[in-house]
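# Observations on the three-dimensional arrangement
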Amino acid sequence: MSTASALRFGYGTNGMHSHRLEDALSLLAALGYDGVALTLDHLHLDPFRPNLAGRVAQVGRRLDELGLSVVIETGARYILDPLRKHYPTLLHAGPDATRRVDYLHRAVEVAADLGAEAVSFWSGTLPDGVDEDRAWGRLCDGVWRVLDLATRRGVVCAVEPEPGHFVDTLDAVLELRRRLDDPKLLRVTLDLGHVVCNEPRGMAETIRLAGPLLANVQVDDMVEGVHEHLELGTGEVDFAAALGTLVEIGYTGLAALELPRQSHAAPVVAERSLAFLRETLEGLPDPEEVRA
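Residues numbered from 1 in each chain as written. Predicted model: local features only at pLDDT ≥ 70, side-chain atom pairs only at ≥ 80, totals over all residues. Heavy atoms only, no water.

## So, the overall build of the protein chain
Summing up its helical and strand segments, the protein chain has 10 helices and 10 strands in all. The globule rule puts the C-alpha radius of gyration for 292 residues at 19 Å, and the 18 Å found for the protein chain is close to it. For the C-alpha atoms alone, the extent of the protein chain along its principal axes is close to 55 × 40 × 35 Å. Evaluated residue by residue, the protein chain yields a buried proportion of 55% over its 292 residues. Within the structure as shown, the protein chain displays about 12800 Å² of accessible surface, and the carbon and sulfur contribution to it stands at 48%. Placing the 28 positive and 45 negative side-chain charges of the protein chain at their respective mean positions leaves the two points 7 Å apart. (Helix = DSSP H or I, 4+ residues; strand = E, 2+ residues; numbered from the N terminus. Rg over C-alpha atoms; globule rule 2.2 N^0.38 Å. Buried < 20%, exposed > 50% of the residue type's maximum accessible area, 1.4 Å probe, protein only. Areas by Shrake-Rupley, 256 points an atom, 1.4 Å probe, with all protein chains shown as cover. Lys, Arg positive; Asp, Glu negative; His and termini not counted. Charge placed at Lys NZ, Arg CZ, Asp CG, Glu CD.)

This is how it looks when you write it as structure tokens:
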């Protein structure tokens, strides 16, 4: 495990599609990860199968046995529609948006029962024929409905700016919070690759802007303008700047790898990704010396 003064690293189950969940958890713990980013999907803890409470309790016991922290991710591609990826979203009308809210409600319940650090979700892409004003109205309504349950269950919700989505930058997440009067439990997920891909600011400035609102970090490499999750060290992300700034702002949440396209080689990729992050972290100047 990483030391108490260091960042805590996790690995996303969306990058372990060839593994049973119990095998994935055991593997990550054995490699030395501090936690797991658990995507609620048909492969891993399907929230729509029977006996969800019993299955969640079983996973919770295993997480405790292994000493793994957890965040809940909700980027399952076809969980709500077998033909349309990520459909429907909070930006769709009426009953369709309610289906997404129901999924996110299930995620909040799972997070509460597991003691998860956050539930992460995104806005979705702008549907055809929906203008910006209507999109903001639908998004605010849907997020409020999710937050209503999250508040009662004491669960942090972290909105992720996603390239190509309606909420695609950190500025847009902050605008969403502003429109909702800055709810205490509505915070930020930041994907380090996305910062390079399409954020208007550099890595350190973006992380500092998120500051205490940052509740969840996803780790991957990318190149500018291309939304493709790459293995660490193969893109343009400055990981020394990223990890150094996370340490600087006192970030205490998980920083979890998100490498869904590397599932076929997950054990090897997970091992060398953790080694890469630890080596980068060890190469950073001591924060006390920097402050002095």
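Moving on from the coordinates now.
## Details of the packing of aromatic side chains
Taken as a whole, this structure holds four aromatic pairs when the rule is applied. When the centroid spacing of 5.7 Å and the interplanar angle of 75 degrees are considered together, the rings of tyrosine 11 and tyrosine 33 count as edge-to-face. Highlighted residues: tyrosine 11 in strand S1 (residues 8–12) and tyrosine 33 in the loop between helix H1 (21–31) and strand S2 (35–39), separated in sequence by 22 residues. Summarising the aromatic geometry, the rings of phenylalanine 239 and phenylalanine 276 are spaced 5.4 Å apart at their centres and angled 85 degrees between planes, so their arrangement reads as edge-to-face. One end of the pair, phenylalanine 239, is in helix H8 (residues 239–248); the other, phenylalanine 276, is in helix H9 (residues 266–282), and 37 residues separate them in sequence. Residue phenylalanine 239 is classed as buried on the basis of its relative accessible area, which comes to 4%. Judged by relative accessible area, phenylalanine 276 falls into the partly exposed class, the value being 28%. The ring of tyrosine 87 carries the charged tip of arginine 84 above its face, separated from the ring centre by 3.8 Å. (Phe/Tyr/Trp six-rings, centres within 6.5 Å; stacked < 30°, edge-to-face > 60°. Lys NZ or Arg CZ within 6 Å of the ring centre and 35° of its normal.)

## Some words on the packing of helix H7 (residues 203–210) against H8
Where H7 contacts H8, the two axes come as close as 9 Å, and the packing angle between them is 25 degrees. When the interaxial angle is binned, H7 and H8 end up roughly parallel. As for the relative orientation of H7 and H8, their crossing is right-handed in sense. Each of Met203, Ala204, Ile207 and Arg208 in H7 lies in contact with H8, whose residues at this interface are Ala241, Ala242, Thr245, Leu246 and Glu248. Of the residues in the contact of H7 with H8, the class split is six nonpolar, one polar and two charged. (Axes fitted to C-alpha atoms, helices over the stretch in contact; angles between N-to-C directions. Parallel < 35°, antiparallel > 145°, perpendicular 65-115°, else oblique. Left-handed = near helix turned anticlockwise from the far one by under 90°. Contact = heavy atoms within 4.5 Å. Nonpolar A, V, L, I, M, F, W, Y, C, P; charged D, E, K, R; others polar.)

## What to know about the pairing of strand S9 (residues 226–230)
Pairing geometry for strand S8 (residues 221–223) and S9, over two bridges, is antiparallel. Along S9, the bridge assignment pairs valine 223 with valine 226. (Pairing = 2+ DSSP bridges.)

## Observations regarding the pattern of salt bridges
Per the counting criterion, the structure on display carries 18 salt bridges. Two residues, aspartate 148 and arginine 152, come together in a salt bridge whose shortest N-O distance is 2.9 Å. In this pair, aspartate 148 and arginine 152 are both assigned in helix H4 (residues 132–153), four residues apart and thus about one turn of the helix distant. With a relative accessible area of 44%, aspartate 148 lands in the partly exposed category. For arginine 152, a relative accessible area of 60% translates into the label exposed. A salt bridge links glutamate 175 to arginine 178; its shortest N-O distance comes to 2.6 Å. Within this pair, glutamate 175 and its partner arginine 178 are both found in helix H5 (residues 170–179), separated by three residues, close to a single helical turn. (Salt bridge = Lys/Arg side-chain N within 4 Å of Asp/Glu carboxyl O.)

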